[in-house]
Amino acid sequence: MKKNLYDVEILVIFELFDENNLLIQILEKTIYIFSTNEFDYISTISKDHTMELYFDNNDLYQAYLSENNGANFKVSFNRGITPLALNNFTISGDVTWQDVNGVVHPAKNVKVSVVGSTSTPIKTGYTNQNGHYSLSFNKNNNPIIAVYVSPVSSSINVETSTGGSYNLSDGQFHMISSLSALTLDMNATNNNTLGKSFEVHQSIYLAETYYKSLSSSTSSVTVNFPYNATYFNPNDGEIYILEQDAHDWDVSMHEYGHYVADDLGIASTGGQHSFNQNLVDIAYLQGYSDPWTQGIMLAWSEGWATYFAISAQVAQSASSLGIPNLGDLFYSDTEDTSINIPIENISTQGYFSEANEYAIIAFLWDIADNSPSESSDPLIAYGHEELFELYMNVQFNYLWGCVNSLYGQTINFPAFGYLLTYYQFSANLIGPSNNSTMSSSSQTFSWQFLGGTSYYTSNNQYRLVIIDYATGATIYASSYTTNTQITLNQTQVQSIINNYDQVIWFVYVVHDDTNDTGPYMSEWRILNT
C-alpha cells in the first residue's frame with residue numbers, strides 16, 4: 001500500500017527477528033526516506049542507496065525492508081506514532097537574568113521545559129554557557145505548547161521556602177501547527193523573588209563549577225530561597241538564603257563552602273561568630289563545656305568557607321562577568337547588613353588569632369595567592385587550587401591541621417613563619433632584632449604571644465630554635481617552656497660564635513589545651529656572630 005512519504009531523515013528502532021519471529025537484536029538506525037509518484041524509498045546508508053518501502057499492517061505501523069542481500073528486517077514503530085508523518089519542530093532562544101544594577105547576563109545551565117496544552121511534558125533541556133537553548137520534537141501530537149524556565153540544573157535545585165518550584169514563562173501558549181521553528185527569549189528581572197532566584201542559582205552554579213572541577217563529587221544541593229536567614233544546615237544538607245542576600249554572591253558562595261566541607265565529610269561546627277571576635281572567648285562566655293575546641297573549629301569553618309568563596313571567584317576570573325562585587329578581593333554583604341572587608345592588604349588586628357575567622361581568611365589567601373599582601377611579606381604562592389586539593393585530601397577542620405600539612409610541603413618557610421606571626425598564630429619576637437650581632441658573653445632571646453584570649457585561659461608553651469644560616473642545620477633547640485624568654489650562657493654563645501658566621505633564630509608555640517594546636521613557627525630573624 002503506497003503512502004505519501006516526505007523527504008526526511010529520521011532515527012528509528014530496528015527490531016531484528018529470526019524465521020520463528022523471535023527477537024534477535026534491537027538496533028538504532030538513521031533512515032533516509034523520500035517519495036516519488038510511484039514508490040516510497042528508504043535507506044540506512046544515504047539517499048543514493050534507497051530501496052522500496054512496503055507496508056502490510058497500517059494499524060501496527062510495521063514495515064518490511066528488502067535489502068540487496070535478500071535478508072528481511074522488520075521495523076517496528078510505537079503504536080500511534082506513524083513514521084509517515086514525523087514533523088520535527090525546534091524551539092530555541094536565550095535566557096537571561098538581571099543583576100542589582102539591571103545589567104543582563106546569560107542564565108547558564110538552567111532548565112527549559114516544553115509542555116503541551118494540558119501541561120504534559122514534551123521536551124526538557126538546559127541552557128548552555130551563553131544562556132542559549134534549542135529543543136526539537138515531533139509537533140504532530142503537540143500543536144499547542146508553553147515554555148517554562150526554572151533555576152534548576154541537574155545538581156542544583158533552587159526552590160521556594162515551602163518546597164515549591166520557580167517557573168519563568170512568557171505567559172502564553174503558542175500555536176505551532178503551521179510552524180517549523182520558534183524563537184523565544186526570556187529574562188528574569190531583578191525586581192521580584194522569581195527573578196532573584198535565578199541569580200541565586202547562578203552564584204551556586206559558579207561555586208559548584210569550581211568545586212566539581214577539583215573533585216569527583218556528583219552530589220546535588222537544594223537551595224531554599226527566600227528564607228528568614230542565610231545558612232547551611234548540615235542536618236538536611238541544604239542551603240538557606242535570605243532574600244536580601246540574593247545579590248550577594250560572596251554570601252551564597254560562602255554557604256556553598258560549608259556545603260563542600262559537609263559533602264567531603266569534614267567535621268565542622270556552627271555558632272555565633274563575627275569577623276572581629278576571638279571565638280574561643282565567645283564560646284566561653286556562652287557556657288560551652290569545651291570553649292577551646294568550639295572556638296577554633298568555628299573560626300576555621302567560617303574562615304575556610306569565606307576563603308573558598310573568594311578563591312573560587314578569582315580562580316575562574318569571575319570579575320570578567322561584570323557582576324557587582326564579584327571577583328574582587330573583598331567579602332561583601334550589602335543589603336541586610338553592610339560588610340565590605342578586604343581579603344588582603346590588611347593590618348594586623350588585636351583580635352587576630354587561630355580562633356578568629358578573619359585572620360584565617362587572610363592567612364589562607366596569603367598562602368595561596370601569587371602576590372604578597374604587604375611590602376614586607378615574602379612570597380609563598382602555594383596556589384588556590386593546590387590548597388583546596390590539600391584540604392580535600394587531608395580534611396583538616398581547624399587551623400593547626402592546615403599548618404601541619406603545609407609543613408610537609410615544599411614552601412618558603414621564612415615566609416610561612418612570617419605569616420604565622422603576622423596573623424598572631426605564633427609568637428611575636430622581641431629581641432634580639434633582625435641582623436643584629438650576638439653578644440659575646442650571654443644572649444637573651446625574648447618574645448610575646450599576642451593572639452590570646454581575653455576571658456578564657458589557654459596555656460601556651462614555647463620552644464627556642466637556632467639554626468645555621470648556611471645549611472639549615474639545627475644548632476640549638478630548647479625544651480618547651482611557659483617562659484617567654486631564654487638566655488644562653490657564655491659557653492653556649494661562644495660555641496656558636498666559634499663555629500658559625502650567621503644563625504637564624506625563631507620560636508615554636510604550642511597551645512596546650514583540650515585539643516593541642518601547634519607547634520606554630522614564628523618569623524625568622526638573622527643573628528650575626
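Chains are numbered independently. Their residues run from 1 in the order of the written sequence. Two thresholds apply to this predicted model, a pLDDT of at least 70 for residue-level local features and 80 or more for giving and counting side-chain atom pairs, whereas whole-chain, interface and lining totals are computed over all residues. Only hydrogens and water are set aside when side-chain values are computed; all heavy atoms of the structure are taken into account.

### A short note on the nonpolar core
Stage number 1. Residue types Ala, Val, Leu, Ile, Met, Phe, Trp, Tyr and Cys, when buried and joined through side-chain atoms within 4.5 Å, form a set referred to as a nonpolar core. Three exposure classes are used, based on accessible area relative to the maximum for each residue type with a 1.4 Å probe and protein chains only: buried under 20%, partly exposed in between, and exposed over 50%. Core analysis: the largest hydrophobic core is formed by 115 residues, its most contacted members being Ile-91, Tyr-256, Trp-300, Phe-363, Phe-388, Phe-416 and Tyr-423.
Stage number 2. Among the elements that take part in this core, helix H4 (residues 291-315) stands out by supplying 12 residues, more than any other.
Stage number 3. Not counting the four nearest positions on each side in its chain, Phe-416 is found in contact with Phe-363, Ile-367, Ile-380, Val-403, Leu-406, Tyr-407, Ile-411 and Met-521.
Stage number 4. With 18 residues, the next largest nonpolar core counts Met-438, Ile-466, Leu-488 and Val-509 among its residues. Helix and strand definitions follow DSSP, with helices as H or I runs of at least four residues and strands as E runs of at least two, each counted in order from the N terminus. Throughout, a residue-residue contact means that at least one pair of heavy atoms, one from each residue, lies within 4.5 Å.

### Thoughts on unusual backbone geometry
Stage number 1. Of note, the bond from Phe-225 into Pro-226 is cis; its omega dihedral lies within 30 degrees of zero at -10°.
Stage number 2. With respect to the helices and strands, Pro-226 occurs in strand E17 (residues 221-227).
Stage number 3. Here the bond from Gly-431 into Pro-432 is cis, since omega is 5°, no more than 30 degrees from zero.
Stage number 4. Here Pro-432 is to be found in the loop between strand E22 (427-431) and strand E23 (436-437).
Stage number 5. The residue Asn-325 is not glycine, and still its phi comes out positive at about 65°.
Stage number 6. Tracing the backbone through its elements, the reader meets Asn-325 in the loop between H4 and strand E20 (330-333).

### Topic: the pattern of salt bridges
Stage number 1. Any Lys or Arg side-chain nitrogen found within 4 Å of a carboxyl oxygen on Asp or Glu counts as a salt bridge. Here the structure, examined in full by the defined rule, presents two salt bridges.
Stage number 2. The partner of Glu-243 in a salt bridge is Lys-196, with the nearest N and O atoms 3.5 Å apart. In this pair, Glu-243 sits in the loop between strand E19 (238-242) and helix H2 (249-263) while Lys-196 sits in helix H1 (residues 193-214), placing the two residues 47 residues apart along the sequence.
Stage number 3. The residue Lys-212 makes a salt bridge to Glu-208 at a minimum N-O spacing of 3.3 Å. On the criterion of helical spacing, the pair formed by Lys-212 and Glu-208 is a turn pair, its members being four residues apart in helix H1.
Stage number 4. You can call Glu-208 buried: its relative accessible area is 5%.

### Thoughts on helix H8 (residues 413-422)
Stage number 1. H8 sits mainly inside the fold: eight of its 10 residues count as buried.
Stage number 2. For H8, every residue scored as buried is listed here: Ala-415, Phe-416, Gly-417, Tyr-418, Leu-419, Leu-420, Thr-421 and Tyr-422.
Stage number 3. Where the residues of H8 are buried, they touch helix H5 (357-368), helix H7 (399-407), E22 and strand E29 (517-521).
Stage number 4. Taken from the residues just after H8, Gln-424 is the one with a positive phi, measuring 65°.

### Description of the confidence of the model for the chain
Stage number 1. The predictor's confidence in any single residue is recorded as pLDDT, a number from 0 to 100. For the chain, the mean per-residue pLDDT works out to 87, and 82% of the residues sit at or above 70.
Stage number 2. Note on residues 1-6: pLDDT under 50 across the span, and 22 contacts to partners over four residues away in sequence or across chains.

### Here we look at the sheet that holds strand E27 (residues 485-488)
Paired through their backbone hydrogen bonds, the strands of a sheet run either parallel or antiparallel.
Stage number 1. Within the open sheet, the three strands sit side by side as E22-E24-E27. Their pairing is antiparallel. The strands lining the two open edges of the sheet, one partner per strand, are E22 and E27. With direction set aside, neighbouring strand axes in the sheet form an average angle of 20°.
Stage number 2. Here, a strand pair is defined by DSSP locating no fewer than two bridges between the strands. In terms of strand pairing, E22 meets strand E24 (residues 443-449) through four bridges, oriented antiparallel. Looking across to E24, one finds that Gly-431 is bridged to Ser-446.
Stage number 3. Most of the contacts of helix H9 (residues 490-499) go to E27, to which it runs at about 75°, and overall it touches E24 and E27. In this analysis, axes come from line fits to C-alpha atoms, helices being fitted only over the stretch in contact, and the angle between any two N-to-C directions falls in the range 0 to 180 degrees.

### Describing a nonpolar patch on the surface
Stage number 1. Together, Tyr-284, Leu-285 and Tyr-455 line one region of the surface with nonpolar side chains, adding up to about 350 Å² of accessible area.
Stage number 2. For Tyr-284, the position within the fold is in helix H3 (residues 279-285).
Stage number 3. You can call Tyr-284 partly exposed: its relative accessible area is 41%. Candidates for patches are residues over 30% relative accessible area with no salt bridge; among them, like charges are joined within 9 Å and nonpolar side chains (Val, Leu, Ile, Met, Phe, Trp, Tyr) within 5 Å. Exposure was quantified through the Shrake-Rupley algorithm and a 1.4 Å probe, taking into account, for residues, occlusion by the shown protein chains and nothing else.

### Digging into helix H6 (residues 384-394)
Stage number 1. What H6 keeps buried is the set His-384, Leu-387, Phe-388, Leu-390, Tyr-391 and Met-392.
Stage number 2. Those residues of H6 that are buried are in contact with H1, H2, H4, H5 and H7.

### Topic: the packing of aromatic side chains
Stage number 1. Ring pairs shown here join Phe, Tyr and Trp side chains whose ring centres sit within 6.5 Å, with only the six-membered ring taken for Trp; geometry is labelled stacked below 30 degrees between planes, edge-to-face above 60, and tilted in between. Enumeration according to the criterion identifies 43 aromatic pairs in this entry.
Stage number 2. Look at Phe-275 and Tyr-358: their rings are 6.0 Å apart centre to centre, the planes differ by 80°, and that puts the pair in the edge-to-face class. Residue Phe-275 is located in the loop between H2 and H3, and its partner Tyr-358 is located in helix H5; the two are separated by 83 residues in the primary sequence. Across the pair, exposure class does not vary: Phe-275 and Tyr-358 are buried alike.

### Side note on the sheet that holds strand E10 (residues 121-126)
Stage number 1. The strand order E10-E9-E12-E14 describes an open sheet built from four strands, whose pairing is antiparallel. Across the chains shown, the open sheet's two edge strands, defined by having one partner strand only, are E10 and strand E14 (174-175).
Stage number 2. Two elements, strand E9 (residues 111-116) and E10, share five bridges in a ladder whose sense is antiparallel. Its bridge partner being in E10, Val-115 is matched across the sheet by Pro-121.

### Some words on the side chain of Thr-517
Stage number 1. Inspection of the secondary structure puts Thr-517 in strand E29.
Stage number 2. Nitrogen and oxygen atoms within 3.5 Å of one another constitute a polar contact, given that in protein one can donate a hydrogen and the other can accept it, and given that sequence-neighbouring residues count only through two side-chain atoms. Side-chain polar atoms of Thr-517 contact the side chain of Glu-354, separated by 2.8 Å.
Stage number 3. If sequence neighbours within four positions are ignored, Thr-517 has contacts with Trp-292, Ile-296, Glu-354, Tyr-398, Trp-400, Val-509, Val-510 and His-511.

### Topic: the packing of H1 against H6
Stage number 1. Relative to each other, H1 and H6 sit at 70°, their axes nearing to 10 Å. Taken together, H1 and H6 sit at an angle that is classed as roughly perpendicular. When you trace H1 past H6, the crossing you get is right-handed. Contacts between H1 and H6 pair Tyr-210, Tyr-211 and Leu-214 from the former with His-384, Glu-385, Phe-388, Glu-389 and Met-392 from the latter. Any angle between 65 and 115 degrees counts as roughly perpendicular, while under 35 counts as roughly parallel, over 145 as roughly antiparallel, and the rest as oblique. We call a crossing left-handed when the near helix sits turned anticlockwise from the far one by less than a right angle, and right-handed when that turn is clockwise.

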